[in-house]
Amino acid sequence: MRRERAGSPVPRQNGSVAWALLDTLNEADRREILAVCRRRKFARGEVVFHEGDPGDTLHLIAKGHVAVRTTTPAGDQALLRVLGAPDFFGELAVIAPGPRSATIDCLDSTETLELRSDAFHELRAKHPGVDAVLMRALVIEVRRVSTELSQALYLSAEARVWKRVADLTRLYETAANDVVTIPLTQDDVAHMAGTTRPTANKVLRSGEEKGVLRISRGRIEVLDVTALTKLAR
């Protein structure tokens, strides 16, 4: 469940999304993988799978946004991160099928391309180059975990809040809108930043006072992306 995005989804000539996970493949192998994928459509609020469910599929996000949630030792649900095209999730289930490590639910109307483990391994047998997809998935995951661990150890809670808001802004930013609307709460941002709600609220209120963003019920509106980027450095 990654974050290697390289900006907004990059359309190919046929209008499809360019997933970083498939970048190492030649065009023929890429097309063959996409050909065996099943297109899935989910409504807002629908759960793709629950934590602990059996897992044997990888999902490439083609449209929409999903939340990655896990259960804390206290039994609460915590939001770990938000993903959107061209992100992917569930890759460990393809590498080594097993129980899902998190719950995935849709924050809006979402479409994915679902790749089953058995179909993927059939392709591996015919095309050894497809193994590069597995290596790519592991590299992306290790880089993400290393970055987040470093931030958790060495950055202040304030810095982590700004980085998470900046990540979300890139995820929801579109060329058509000057104001970027993030449909998440202060609690959600606090969970993602690994801090408390009062701390996240204090940081976000300071940004509101500076005119960087506006806090509304159930959402955060980013008014000045350039200023936010500076705060997140």
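Residues numbered from 1 in each chain as written. Predicted model: local features only at pLDDT ≥ 70, side-chain atom pairs only at ≥ 80, totals over all residues. Heavy atoms only, no water.

Draft legend 1. Up close: the nonpolar core. Residues L21, L22, I33, L60, F89 and F120 are the most contacted members of the largest nonpolar core, which totals 33 residues. If you list the elements that add at least two residues to this core, you get β4 (47-49), β6 (57-63), β7 (65-71), β9 (88-89), β11 (103-106), β12 (110-116), α3 (117-126) and α4 (131-154). For this core, the element with the most residues is α4, which contributes four residues. Residues within four places of L60 in sequence aside, it is in contact with W19, L21, L22, L34, D87, F88, E111, T112 and L113. (Core = buried A, V, L, I, M, F, W, Y, C linked by side-chain atoms within 4.5 Å. Buried < 20%, exposed > 50% of the residue type's maximum accessible area, 1.4 Å probe, protein only. Helix = DSSP H or I, 4+ residues; strand = E, 2+ residues; numbered from the N terminus. Contact = heavy atoms within 4.5 Å.)

Draft legend 2. Representation of the packing of aromatic side chains within the structure. Evaluated as defined, the whole model comprises one aromatic pair. Ring geometry for F49 against F89: centres 5.9 Å apart, planes inclined by 55°, an arrangement best described as tilted. Here the residue F49 occupies a position in strand β4, and F89 occupies one in strand β9, the gap between them amounting to 40 residues. Judged by relative accessible area, which is 0%, F89 ranks as buried. Lying across the ring of F49, R100 places its NZ or CZ 3.8 Å from the centre. (Phe/Tyr/Trp six-rings, centres within 6.5 Å; stacked < 30°, edge-to-face > 60°. Lys NZ or Arg CZ within 6 Å of the ring centre and 35° of its normal.)

Draft legend 3. Main features of the confidence of the model for the protein. Looking at the protein, the pLDDT average stands at 89 and 93% of residues meet or exceed 70. Per-residue pLDDT stays below 50 along residues 1-15; that stretch engages in 47 contacts with residues further than four places along the chain or on separate chains. (pLDDT = per-residue confidence, 0-100.)

Draft legend 4. Structural context of the sheet that holds β9. Overall, antiparallel pairing links the four strands, which are arranged β3-β12-β6-β9 in an open sheet. For this open sheet the edge positions go to β3 (38-42) and β9, each flanked by a neighbour on one side alone. Sheet topology note: the β3/β12 ladder contains five bridges and is antiparallel. By the bridge assignment, K41 is partnered in β12 with E111. (Pairing = 2+ DSSP bridges.)

Draft legend 5. Structural view of α3. Within the span of α3, buried status applies to S117, A119, F120 and L123. Axial view of α3: buried residues confined to an arc of 165°, hence all on one face. Turned more than 90 degrees from where α3 packs its buried face, E122, A125 and K126 sit exposed. Tucked inside the fold, the buried residues of α3 contact α1 (27-35), α2 (91-95), β12 and α4. (Arc of directions from axis to C-beta.)

Draft legend 6. Inspection of helix α6 (residues 186-193) at higher detail. Counting buried residues in α6 gives six out of eight residues, a clear majority hidden from the surface. Within α6, the full set of buried residues consists of Q186, D188, V189, A190, M192 and A193. As for α6, its buried residues are in contact with β7, β8 (77-84), α5 (157-172), α7 (197-209), β14 (213-216) and β15 (219-222). Looking one or two residues beyond α6, the residue adopting positive phi is G194, at roughly 70°.

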